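Structural overview for review
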Amino acid sequence: MGDRWQVEVDRSICIGSGMCAGTAPDGFRLDSARQSHPVAPETDADETVLAAAEGCPVEAITVTVAGSGEVVFPPEE
């Protein structure tokens, strides 16, 4: 069994570029205000969701391991 991820979008910094929805259309949607939100707050570990988080121009997407809270993205500095 693989990891489950918790996916969050900080809507206070999301600029609605749509890159996440373009990269991972099954993982993200833009609402009528062009703000991103995850399709499901918890999902199976998925490279396309990670690529969407990495490609966000303002790093508004946080991915953590469900249960443990271990940060997958963004990397801790």
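Below, the structure is looked at part by part. (Residues numbered from 1 in each chain as written. Predicted model: local features only at pLDDT ≥ 70, side-chain atom pairs only at ≥ 80, totals over all residues. Heavy atoms only, no water.)

1. Things to note about the pattern of salt bridges
Across all of its chains, the model carries three salt bridges by this definition. Across the salt bridge formed by glutamate 42 and arginine 4, the nearest N and O atoms sit 3.3 Å from each other. Separated by 38 residues along the polypeptide, glutamate 42 in strand β4 (residues 42–44) and arginine 4 in strand β1 (residues 4–9) bring together distant segments of the chain. We classify glutamate 42 as partly exposed; its relative accessible area is 35%. (Salt bridge = Lys/Arg side-chain N within 4 Å of Asp/Glu carboxyl O. Helix = DSSP H or I, 4+ residues; strand = E, 2+ residues; numbered from the N terminus. Buried < 20%, exposed > 50% of the residue type's maximum accessible area, 1.4 Å probe, protein only.)

2. What to know about the environment of arginine 34
Following the sequence through the fold, arginine 34 ends up in the loop between β2 (28–30) and β3 (36–38). Arginine 34 sits in the partly exposed class, given a relative accessible area of 46%. For the pair arginine 34 and isoleucine 15, spaced 19 residues apart in sequence, the C-alpha to C-alpha distance is 7.8 Å. Excluding residues that lie within four positions of it along the chain, arginine 34 makes contacts with Cys14, Ile15, Gly16, Ser17 and Gly18. (Contact = heavy atoms within 4.5 Å.)

3. So, the sheet that holds β1
Pairing in this open sheet of four strands is antiparallel, and the strands run β4-β1-β5-β6 from one edge to the other. The outermost strands of the open sheet, each flanked by one partner alone, are β4 and β6 (71–73). Across the sheet, the mean angle from the axis of one strand to that of its neighbour is 35°, orientation sign disregarded. Pairing of strand β5 (residues 61–65) with β6 involves two bridges; the strand directions are antiparallel. Opposite threonine 64, over in β6, you have valine 71 as the bridge partner. (Pairing = 2+ DSSP bridges. Axes fitted to C-alpha atoms, helices over the stretch in contact; angles between N-to-C directions.)

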